[in-house]
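Residue-level structural notes
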Amino acid sequence: MNTITTTNYNFPGQKSVYKGKVREVYAIDDAQLVMIATDRLSAFDVVMPKGIPYKGQILNQIATQMMKATEDIVPNWLIATPDPNVAVGHLCEPFKVEMVIRGYLSGHAAREYKAGKRMLCGVAMAEGMKENDRFPEPIITPSTKADNGEHDEDISREEILAKGIVSEADYLILEEYTRKLFQRGTEIAASRGLILVDTKYEFGKTKDGNIVLIDEIHTPDSSRYFYADGYEERQEKGEAQKQLSKEFVRQWLISNGFQGKEGQQIPEMTEDYINSVSDRYIELFENITGTPFVKADVSDIEKRIEGNVLAYLG
């Protein structure tokens, strides 16, 4: 399958290029950002050696749809989507923290809890909880925004303010926006028969000083979903929850001896496995959005993206 795992464009007015784990961001004329969602797959802060067909399109289209579904409560950076893999938005200065919010004791929080910790990012977790139990109220557990090759680290609100990473006035807005977005995301998920378990949001500041939502939102890479049907029964029986998220990739890696730690080898990703991941992402798209996935033409994906971006900029 034809995938896009890296780009090397030179757009009119281009000032710089930033290459993240799965997205590549081109700054245009100190005013706009062209964000290209590649087909790279990242887990445990490590980029896998092979791309996943249609993954970039899936992430971009979920994120842009969710931005439009939340723009009435939280302003965002998005201006246009000239290509299935591309979002164009306002130039922003990103905050150096990711706002992680958790409604349930799952994933990283569950692993920390199992290790005996009852505080996560300065937030207390009650005794006697089981994995995937619902928290009485969603908890915000921020993480640092790591540079390439480094791991994101848990950080408390107190540390963020003490280190001056974010001002108190701005941080209060980030918290308010995070809770509003999670509430809306929870409502959207419920309408699709899903539970939004946890997610992360990233924010930036525009040139005129406004705080806006940036990057992705409510995608399977940034969020964890459970199927609502059967959730209570599975919890009562102590069974694993039926998930819609990238967790299935993490679990496959863990079962093959990889957690992103030094000295560990990434297991071989066969063509069958890669296609199964692609199929799973398509299932995620259709469940999260409630719409059928329409595959874009990938016969020459790099040329398609370049042509659509140039037409937009022109």
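One can find the structure itself at the top, above this paragraph.
Worth saying up front: this structure is predicted, and the values here are computed from it rather than measured. Residue numbering note: each chain is counted from 1, following its sequence as written. At least 70 in pLDDT is required for a residue's local features to be given in this predicted model, at least 80 for side-chain atom pairs to be given and counted, and no such filter applies to totals for whole chains, interfaces and linings, which use all residues. Water and hydrogen atoms play no part in the side-chain values, which are based on all heavy atoms of the structure.

Next up on the list: the pairing of strand β9 (residues 97-104). Burial analysis of β9 places eight of its eight residues in the buried class, which makes it a mostly covered element. Any two strands with at least two DSSP bridges between them are considered paired. Per the convention used, a helix needs a DSSP run of H or I reaching at least four residues, while a strand needs a run of E reaching at least two, with both numbered from the N terminus. As paired strands, β9 and strand β13 (residues 143-144) are joined by two bridges and run antiparallel to one another. Paired with Val97 across the bridge in β13 is Thr144. One ladder, built from three bridges, connects β9 with strand β12 (residues 134-140); its direction is antiparallel. Paired with Tyr104 across the strands is Arg134, a residue of β12. Only protein chains enter the calculation, and the probe is 1.4 Å; a residue is then buried if its accessible area is under 20% of its type maximum, exposed if over 50%, and partly exposed in between.

With 16 residues, helix α1 (residues 55-70) ought to run about 22 Å at 1.5 Å a step, and its terminal C-alpha atoms sit 23 Å apart, in line with that. Buried within α1 are the following residues: Lys55, Gly56, Gln57, Ile58, Leu59, Asn60, Ile62, Ala63, Thr64, Met66, Met67 and Thr70. Helix span, as expected, comes to 1.5 Å for every residue beyond the first.

The subject of this paragraph is helix α7 (residues 271-289). Helix length check: α7, at 19 residues, gives a terminal C-alpha distance of 27 Å against a target of 27 Å (1.5 Å per residue), a fit within 8%. All of the buried residues along α7 are Tyr273, Ile274, Val277, Ser278, Tyr281, Ile282, Leu284, Phe285, Ile288 and Thr289. Between two residues, a contact is recorded if the distance between any of their heavy atoms is within 4.5 Å. Looking at the buried side of α7, the elements it contacts are α1, β14 (194-206), β16 (223-227), β17 (243-245) and α6 (247-255). Just downstream of α7, Gly290 is the residue with a positive phi angle, here 75°.

Its identity is not glycine, yet Tyr54 carries a phi of approximately 70°, on the positive side. Looking at the element boundaries, Tyr54 is found in the loop between β5 (46-47) and α1. With a relative accessible area of 10%, Tyr54 lands in the buried category. A positive phi angle, close to 55°, is found at Cys121, a residue other than glycine. The residue Cys121 is located in the loop between β10 (119-120) and β11 (123-124) in this model. Using a relative accessible area of 12% as the deciding quantity, one classes Cys121 as buried.

With that settled, the discussion passes to the pattern of salt bridges. Here, a salt bridge means any Lys or Arg side-chain nitrogen found within 4 Å of an Asp or Glu carboxyl oxygen. The final tally for this structure, using the stated rule, is 21 salt bridges. For Lys55, the salt bridge identified is with Asp221, shortest N-O distance 3.0 Å. With Lys55 in helix α1 and Asp221 in the loop between β15 (211-214) and β16, this residue pair connects regions lying 166 residues apart in the sequence. In this pair, the class of Lys55 matches that of Asp221, namely buried. The salt bridge involving Glu175 is made with Arg157; its shortest N-O contact spans 3.2 Å. Here Glu175 is found in helix α4 (residues 168-191), whereas its partner Arg157 is found in helix α3 (residues 157-162), with 18 residues between them in sequence. Residue classification places Arg157 among the partly exposed positions, given a relative accessible area of 29%. In the salt-bridge network here, residues are joined through shared partners; they are Lys19, Glu24 and Arg40.

Turning next to the sheet that holds strand β7 (residues 86-90). Strand order in this open sheet of five strands is β1-β2-β3-β7-β6, and the pairing throughout is antiparallel. Lying at the two open borders of the sheet, with one neighbouring strand each, are β1 (14-19) and β6 (78-83). Shown here is a sheet whose adjacent strand axes are inclined to one another by a mean of 20°, direction ignored. Seen against the sheet, α1 touches β2 (23-28), β3 (32-37), β6 and β7 and runs at an angle of roughly 145° to β6. Docked against the sheet, helix α8 (residues 301-313) engages β2, β3, β6 and β7, running at close to 135° with respect to β6. Axis definition: a line fit to C-alpha positions, over the contact stretch in the case of helices; interaxial angles, taken between N-to-C directions, run 0 to 180 degrees.

For Ile160, the position within the fold is in helix α3. In this structure Ile160 touches Val97, Pro142, Ile155, Ile165, Val166 and Tyr171, once residues within four positions along its chain are discounted.

Patch membership needs two things, relative accessible area over 30% and no salt bridge, and members are linked within 9 Å if like-charged or within 5 Å if nonpolar (Val, Leu, Ile, Met, Phe, Trp, Tyr). Surface accessibility in these figures is a Shrake-Rupley result with a 1.4 Å probe; residues are shielded only by whichever protein chains are displayed. Positive residues here are Lys and Arg, negative ones are Asp and Glu, while His and the chain termini are left out of the count. Here the site of a charge means NZ on Lys, CZ on Arg, CG on Asp, or CD on Glu. On the surface, a cluster of negative charge is contributed by Asp229, Glu232, Glu233 and Glu236. With respect to the helices and strands, Glu233 occurs in helix α5 (residues 231-237).

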